[in-house]
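# Chains, contacts and geometry: an overview
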Amino acid sequence: MDITRSSPAPVRVVAVPPEPEPADLTALPEPIAVEPLQPLQPLPATATATTATTSAITTAATTSAITTTATTSATATDVRGRRGRPRPRDLLALLRPGQWVKNLAVVPLALLDTHPWGAAAFLRTGWAVLGFTLASALVYVVNDLADRERDRLHPVKRHRPIASGRVSTLAAFVLTGALALVLTGWAVAGPAWQWWPTALYLALSLAYSQGLKHVPLVDAFIVATGFVLRLVQGALLIGAQMSEWLALCVFSLCLMLALGKRRHEMTAAGRAHRPALRGYTLAFLDHLVVLVAVLTAVSYVLYLRDDASLAAGASLVTLLSAPCAVFGLARYLQLLLVEEGGGNPVHVLFRDRATLVNAALWAVLVALALLLPQSPA
C-alpha cells in the first residue's frame, strides 16, 4: 500500500429528524389549574419605608408640577395685564394715597401762625392741600417712570405698579398728562400768582428725577425743601406770616426722615439700588441723623418761645409739649438705629403705639396753648 497517497474523506451521515405530526386543530386545550388566592401578608418595615418614600416622591413631583403650572399661569396673567388696560386700583396705588398724609400734616401748620381761625382760613388751607396732593402725585408717577428698571432690583419697590408691569409705561404717561392738566386748572382757579411754591416744588422734583437724586446729600436736601414749600404754600394762601423758626423746624425734621430712609435702604438692599447711597456710610448717616434731630428740637423750642401765637399763661403747657417733641424724636431714632426700621415714616407714625400716644398727647397740649383766650396786647 502506498501510504503517501491520501485516503478519501469519510462520508458524513446526517440524520434528518422526522417531520412533526400536524397539530389537531379540533382538540380543546386542557384547563389550567389556578391556585386559590392567599391572604396578603404585611410588608416588612424596609418595604413599607420604600413604599412611603416612593409615595412622597410622587406627591412632591405632583406638587412641583402644580406649582409650575400656577407660576406659568400667573406669568401669563401678568403678561396679559401688561397688554390690557390697567386696573383702577393699580392706578390709584401709583398715586400713593398713603403718602398724602404728608400734605395734611405739613400744609395746615401755617394755621399755627394765624389767630383767630375762621372758615375762610380752613377753606384756603384745604385748597393748598389739594394742590400739593396733585403735585406730589404727579411727582410720584414721574419718579416711578424714571426708576422702573432700578425698582425691579429692590426687594420691596419691585412690587410697585410700573416696576411689576401692572401699569404700562403708556398708561403712566397718560396719567401724568391728566394730572398735569388738573393741576393747571387748580392754579388758574386759585388766587393769582399764589401758586409759585407748588410750581417751584415741581421744578425741583423734575430736576431731582433727572439726576439730582443721584448726588449724595443734595438728594435728601431737595426732599426736605419740598416740605418747606408745602408750608409756604399754606401760609401764602391764608395770608399768614410764616415763622422762620417753624420753617427751620420743618426742614430739619423732614431732612432727618429723609436721611433715615436712606439708612434703612442701605441696611435692607445695599447700595446698588440708589446710586446716591455710594456717598454714604452707616456711621456717617448715624451722625447726620442725630445732628439734625438736635437741630429740630432746638428750632421747635425757639419757635414756641419767640413766634408761636400762644394763649395767656400757656408757658406751662408749652413746657410740657417740649418733652413730647423730644420723645417723638428719640422714639424715631430708636426705631431707626436699634430696631432697624424707619424706612417709611408714615408707617412709623400710624403703626407705632408709643408714637401714636405721644403724638396725641402733644396735639392736646398744643391745642390748649392755641385755643385758650389770648392775652390782651
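Quick caveat: nothing in here was measured; it's all calculated off a predicted structure. (Residues numbered from 1 in each chain as written. Predicted model: local features only at pLDDT ≥ 70, side-chain atom pairs only at ≥ 80, totals over all residues. Heavy atoms only, no water.)

### Some words on the pattern of salt bridges
Two side chains carrying opposite charge are able to pair once their charged atoms lie near each other. Applying the stated criterion across every chain yields a total of 14 salt bridges. A salt bridge links Lys-157 to Glu-265, with the shortest nitrogen-to-oxygen separation between them at 3.0 Å. Residue Lys-157 is found in the loop between helix 5 (148-151) and helix 6 (161-164), and its partner Glu-265 is found in helix 10 (residues 244-269); the two are separated by 108 residues along the sequence. Lys-157 gets classed as buried once you look at its relative accessible area, which sits at 10%. Here the salt bridges do not stand alone but share partners, grouping Arg-96, Asp-144, Asp-151 and Arg-160 into one network. (Salt bridge = Lys/Arg side-chain N within 4 Å of Asp/Glu carboxyl O. Helix = DSSP H or I, 4+ residues; strand = E, 2+ residues; numbered from the N terminus. Buried < 20%, exposed > 50% of the residue type's maximum accessible area, 1.4 Å probe, protein only.)

### A look at the nonpolar core
One finds Leu-231, Val-250, Leu-255, Met-256, Leu-259 and Tyr-280 to be the most contacted residues of the largest nonpolar core, which totals 44 residues. Elements supplying a minimum of two residues to this core: helix 9 (218-238), helix 10, helix 11 (282-306), helix 12 (315-338) and helix 14 (353-371). Among the elements that take part in this core, helix 10 stands out by supplying eleven residues, more than any other. Sequence-distant contacts of Val-250, that is, excluding residues within four places in its chain, are made with Val-106, Leu-109, Phe-227, Val-228 and Leu-231. (Core = buried A, V, L, I, M, F, W, Y, C linked by side-chain atoms within 4.5 Å. Contact = heavy atoms within 4.5 Å.)

### Brief notes about the packing of aromatic side chains
Per the counting criterion, the structure on display carries six aromatic pairs. When the ring centre of Phe-227 is taken as reference, the NZ or CZ atom of Arg-230 above it lies at 4.4 Å. (Phe/Tyr/Trp six-rings, centres within 6.5 Å; stacked < 30°, edge-to-face > 60°. Lys NZ or Arg CZ within 6 Å of the ring centre and 35° of its normal.)

### Quick notes on helix 7 (residues 169-189)
Between its terminal C-alpha atoms helix 7 stretches 30 Å, which fits the 30 Å expected from 21 residues at 1.5 Å a residue. Burial in helix 7 covers these residues: Ala-171, Ala-172, Leu-175, Thr-176, Leu-179, Leu-183, Trp-186 and Ala-187. The buried residues of helix 7 occupy an angular sector of 145° when projected down its axis, which confines them to one face. Facing away from the buried side of helix 7 by more than 90 degrees, the exposed set consists of Leu-170, Phe-173, Val-174, Leu-181, Val-188 and Ala-189. Those residues of helix 7 that are buried lie in contact with helix 2 (88-94), helix 4 (119-146), helix 6, helix 8 (196-210) and helix 9. (Expected span 1.5 Å × (residues − 1). Arc of directions from axis to C-beta.)

### A look at the environment of Arg-274
Tracing the backbone through its elements, the reader meets Arg-274 in the loop between helix 10 and helix 11. C-alpha separation for the pair Arg-274 and Arg-150, spaced 124 residues apart in sequence, amounts to 7.9 Å. Beyond its immediate stretch of four places on either side in the chain, Arg-274 contacts Arg-150, Lys-157, Tyr-208, Asp-219, Arg-262 and Glu-265.

### Describing the confidence of the model for the protein
Across the protein, pLDDT averages 77, with 72% of residues at or above 70. Taken together, the stretch residues 1-16 has pLDDT below 50 and engages in zero contacts with residues farther than four places along the chain or on a different chain. Contacts for the low-pLDDT stretch residues 39-83, under 50 throughout, to residues beyond four places or in other chains number eight contacts. (pLDDT = per-residue confidence, 0-100.)

### Some remarks on the packing of helix 8 against helix 9
Interhelical geometry of helix 8 versus helix 9 gives an angle of 165° and a closest axis separation of 8 Å. The pairing of helix 8 with helix 9 is recorded here as roughly antiparallel in orientation. When the axes of helix 8 and helix 9 are compared, the crossing they make is left-handed. On the side of helix 8, the interface is formed by Trp-196, Pro-197, Thr-198, Leu-200, Tyr-201, Leu-204 and Tyr-208, while helix 9 contributes Asp-219, Ile-222, Val-223, Thr-225, Gly-226, Leu-229, Arg-230, Val-232, Gln-233 and Leu-236. (Axes fitted to C-alpha atoms, helices over the stretch in contact; angles between N-to-C directions. Parallel < 35°, antiparallel > 145°, perpendicular 65-115°, else oblique. Left-handed = near helix turned anticlockwise from the far one by under 90°.)

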